[in-house]
Amino acid sequence: MTDRRTQSRIPLQPVYTPADVAAFDYAERLGDPGAYPYTRGSRALPPGRAGWIQRELSGEGDATRSNAQLKYLLERGQTGLDVIGDTPTMGCLDPDHPLAVHAIGTQGVSLCCLQDYRDLYAGLPLDRVTMSHSLPAVFAVAGLHCVARERGLSPARLRGSVIQAPYYCEDCSYAVHMPFKLRVRMAADTIAFCAAEMPKFHAFIEDTYFISESGLDSVEEMALGFVELRGLVRELLRRGVAIDRFAPRIAILLNCRMDFFEEVAKIRATRRLFARMMRDEFGAVDPRSWAVNIAAHTSGLALTAQQPANNIVRGAIQALALACAGVQAIEVSTFDEAFRTPSAEAHLVGLRTQQVIDLESNVGQVADPLGGSYYVETLTDDLERRIQAMVQSIEARGDPAELSDSGWFRSVFQAAIERHARGIADGTTAKVGLNAHRIPQEDDVLLREVAERKIEPCRERIAWMKAYRAGREAERVRAAMLALEVCARDELTNLLPAIITATEAGATMGEMAGTLRRAYGQPADPFGQPYAPL
């Protein structure tokens, strides 16, 4: 007999019947779209075509080159923007750091100072388009805040987002080499600052996408996400920030894998878990605090370097699942994901995939079109129970700071990586073109020329940085950095005003990050490099 399981190893029946939902209470388990517990959607479907924010993750080379990418996509109908930093930027290193030289602008945009943000946003209607940032949050908010005010725009009008991942960033992808306590403070300071100064901006994006690309399953992804989200909520409440002051702007950026129905059910379960947690546990009374916004990337881990044209199909299936689940924003990982950040051709295919689903498939005309399915409702309930049980299990282990410092979180990611690799190697995880339906390498030519087009490191940034530093008012920068260090040593003071002042003075992200590390008793340079730009 075939062992039927979801990708999260949840046992499945060959068929589902009314008996599986016999005790189902519609109002308690589902509710209408836009009504508690928001299983069927965080808002009621508006009149006419609903749609979602359609965007493609961008970033390559320097800020000017990335700005051209963003304008290219807007001209082709994209309705939101998202930019990701290169590896040095994500690690809070400046491009002239000795370890950055081979990675400048190759996996995202190189950003480190106010001039970079001016160039990135040049000509973009920041008051009319959502600007999302897969960047170190505290520095991205500072850059956006400065540019908006230079343009005469009130920061209160800005829409968009920054990601938060203080619990897991050291163990999964983008290490910033800062102590746990500082990472949590930077996240909470950013959220509190934006709640007061940028109330339309989503400064609290719980990013489960990037941790799940280690190979986590859907239950692990959302359980770890809720652990971090709950920890940040508790930290903000401890500071005296009212729950209904910031909770309406919480959003979750999650992953969408290839298990179509499990991903739909996961999103529905996530909305329900969030609503009950906010209302019943944290005491939120504003219904907007119960209804979480969900954005999603289609899975990059699901894509292959072999037969890259197959990745277009994978992206379309995942995007269709997200449309059926009623998310607020979608980004399609492109067919060249295994090789590079998206080329112009891949960007366009990803965007057109969303536009075809939106305009031609008709799936957006009805909210929660899979609601009421015996299978989907049973799977939604099962995922909710499993996610909740894992959250309770993790929280019972104790202080998240100790779990992080002891390496426990890292062990979860390592186990997921190894499990995924075993599944590919032994064929239990089927991947067309990789371990199933392979073709000779010499025949694997479709789209390969585009996919393998190499991005050279943007090494001219090194000379640019040297000239930038030489042209600054050194004393103004030093004064701002001293003020930032004093601020950082006072844990009751929000970091954002001092970081904004330092950004305006000409300080770089790497310099500010080094100052913060030093204030918390660590070396300014986490790699022990003889690197002292000031």
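Everything here concerns the structure above.
So, here is what we can say about the structure in this document.

What counts, and where the lines are drawn
- Residues numbered from 1 in each chain as written.
- Predicted model: local features only at pLDDT ≥ 70, side-chain atom pairs only at ≥ 80, totals over all residues.
- Heavy atoms only, no water.
- Pairing = 2+ DSSP bridges.
- Helix = DSSP H or I, 4+ residues; strand = E, 2+ residues; numbered from the N terminus.
- Contact = heavy atoms within 4.5 Å.
- Axes fitted to C-alpha atoms, helices over the stretch in contact; angles between N-to-C directions.
- Buried < 20%, exposed > 50% of the residue type's maximum accessible area, 1.4 Å probe, protein only.
- Polar contact = N/O pair within 3.5 Å; in protein donor to acceptor, adjacent residues only side chain to side chain.
- Phe/Tyr/Trp six-rings, centres within 6.5 Å; stacked < 30°, edge-to-face > 60°.
- Lys NZ or Arg CZ within 6 Å of the ring centre and 35° of its normal.

**Remarks on the sheet that holds strand β3 (residues 80-84)**
Reading across the sheet, the nine strands line up as β1-β9-β8-β7-β6-β5-β4-β3-β2 and stay open at both edges, with parallel pairing between neighbours. The strands lining the two open edges of the sheet, one partner per strand, are β1 (53-55) and β2 (57-58). Sitting on the sheet, helix α10 (residues 260-281) is in contact with β7 (250-256) and β8 (293-298), with an inclination near 160 degrees to β7. Against the sheet, helix α12 (residues 310-325) makes contact with β7, β8 and β9 (329-331), and its axis sits at roughly 170 degrees relative to β8, the strand it touches most.

**What about the environment of Gln115?**
Checked against the element boundaries, Gln115 lands in helix α4 (residues 114-121). For Gln115, a relative accessible area of 27% puts it in the partly exposed group. For Gln115 and Ala470, which are 355 residues apart along the polypeptide, the C-alpha to C-alpha distance reads 14 Å. At a separation of 3.0 Å, a polar atom in the side chain of Gln115 contacts the side chain of Arg118.

**Notes on unusual backbone geometry**
With an omega of 5 degrees, the peptide bond between Tyr36 and Pro37 qualifies as cis. Structurally, the position occupied by Pro37 is in the loop between α1 (26-29) and β1. Unlike most non-glycine residues, Leu447 shows phi in positive territory, near 70 degrees. Inspection of the secondary structure assignment puts Leu447 in the loop between α16 (408-426) and α17 (448-451).

**Considerations on the packing of aromatic side chains**
Evaluation of the coordinates by the stated rule reveals 15 aromatic pairs. Measuring from ring centre to ring centre gives 5.6 Å for Tyr36 and Trp290, while their planes differ by 75 degrees; the resulting arrangement is edge-to-face. Taken together, the residues Tyr36 in the loop between α1 and β1 and Trp290 in helix α11 (residues 287-290) connect sequence positions 254 residues apart. With a centroid separation of 6.4 Å and 25 degrees between ring planes, the pair formed by Tyr174 and Phe210 is classed as stacked. With Tyr174 in the loop between β5 (160-164) and α6 (180-197) and Phe210 in helix α7 (residues 209-212), the pair connects residues that are 36 residues apart, well separated along the chain. You can call Tyr174 partly exposed: its relative accessible area is 27%. Through pairs of rings, three or more aromatic residues link up here, namely Tyr167, Tyr168, Phe180, Trp408, Phe409 and Phe413. Lying across the ring of Trp290, Arg279 places its NZ or CZ 5.9 Å from the centre.

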